[in-house]
Amino acid sequence: MNGRVLALDYGAARCGCAVSDPTGTIVTPIEQIERPGTRRGLARVADLAREREAELVLVGLPLSLNGEDSDQTRETRDWATKLADRIRPVPVELYDERFTTRIAARGSADAMTGEDSRAAAVLLEEWLSVNGGDS
């Protein structure tokens, strides 16, 4: 993947955000966005994708432990579809986020990024390792 990837850990209260460098080598958690499901929150996420010049937006998909959809999974899918409509032609990809919040909780937080953005960073690091960061 060449180009920046923006990873999002969507939740109704806040959306954790992380971005890669253009080579896919370095992942940085960035400021989370409050209430991303609102019109204003969704617009802010779309603006962030443009500001960061994302060539792909990765949205964590909260599957249940057995890999099935839940109410949160369906809400996330719906939100990702709305986001994709707003940032087209930038693709939006869903990626299994099981365990990323638990892994992120082991790290340290600062007030700006918080646990949700660390979870987005863990998600992005995992995705880059599977999809070849600097290929």
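Reading the values: rules and limits
Residues numbered from 1 in each chain as written. Predicted model: local features only at pLDDT ≥ 70, side-chain atom pairs only at ≥ 80, totals over all residues. Heavy atoms only, no water. Helix = DSSP H or I, 4+ residues; strand = E, 2+ residues; numbered from the N terminus. Buried < 20%, exposed > 50% of the residue type's maximum accessible area, 1.4 Å probe, protein only. Contact = heavy atoms within 4.5 Å. Disulfide = S-S within 2.5 Å. Pairing = 2+ DSSP bridges. Expected span 1.5 Å × (residues − 1). Axes fitted to C-alpha atoms, helices over the stretch in contact; angles between N-to-C directions.

1. Overview of the overall build of the protein
Summing up its helical and strand segments, the protein has four helices and five strands in all. Counting from the amino terminus, helix and strand elements in the protein follow one another as β-β-β-α-β-α-β-α-α. Out of the 135 residues belonging to the protein, those deemed buried represent 45%. Here the contacts in the protein between residues at least 6 apart in sequence split such that 61% fall between residues at least 24 apart.

2. Here we look at the state of the cysteines
Within this structure, the stated rule accounts for zero disulfides. Cys-17 provides the cysteine sulfur closest to Cys-15, a residue in no disulfide bond, and the two sulfurs are 4.5 Å apart. Take Cys-17: its relative accessible area is 0%, and that puts it in the buried class.

3. Section: the pairing of strand E3 (residues 27–34)
Remember that side chains alternate between the two faces of the sheet whenever the strand is regular. Where strand E2 (residues 14–20) and E3 come together, six bridges link them in antiparallel fashion. Residue Cys-17 lies in a different strand from E3, and its bridge partner there is Ile-30. Between the antiparallel neighbours E2 and E3 lie six residues, among them Gly-24 with a positive phi of about 75°.

4. Some words on helix H4 (residues 114–131)
When the terminal C-alpha atoms of H4 are compared, their 26 Å separation across 18 residues agrees well with the 26 Å that a helix rising 1.5 Å per residue should span. Turning to H4, its buried residues number three or more, namely Gly-114, Asp-116, Ser-117, Arg-118, Ala-119, Ala-120, Ala-121, Val-122, Leu-123, Leu-124, Trp-127 and Leu-128. Where H4 terminates, the next one or two residues include Gly-132, which has phi positive at roughly 70°.

5. Considerations on the sheet that holds strand E1 (residues 4–9)
In a beta sheet, neighbouring strands pair by backbone hydrogen bonds and run either parallel or antiparallel. Spatial ordering of the open sheet is given by E3-E2-E1-E4-E5, a layout of five strands whose pairing is mixed. On the outer flanks of this sheet lie E3 and strand E5 (92–96), each paired with one strand and no other. Neighbouring strand axes in the sheet, compared pairwise and without regard to direction, differ in orientation by 25° on average. Pairing analysis gives four bridges linking E1 to E2, with the strands arranged antiparallel. In the strand pairing of E2, Asp-9 is matched with Gly-16. Where helix H2 (residues 71–87) meets the sheet, it contacts E1, E2, strand E4 (54–61) and E5, and its direction lies at approximately 165° from that of E4. Contacts from H4 reach E1, E2, E3, E4 and E5 within the one sheet, and its direction differs from that of E2 by about 40°.

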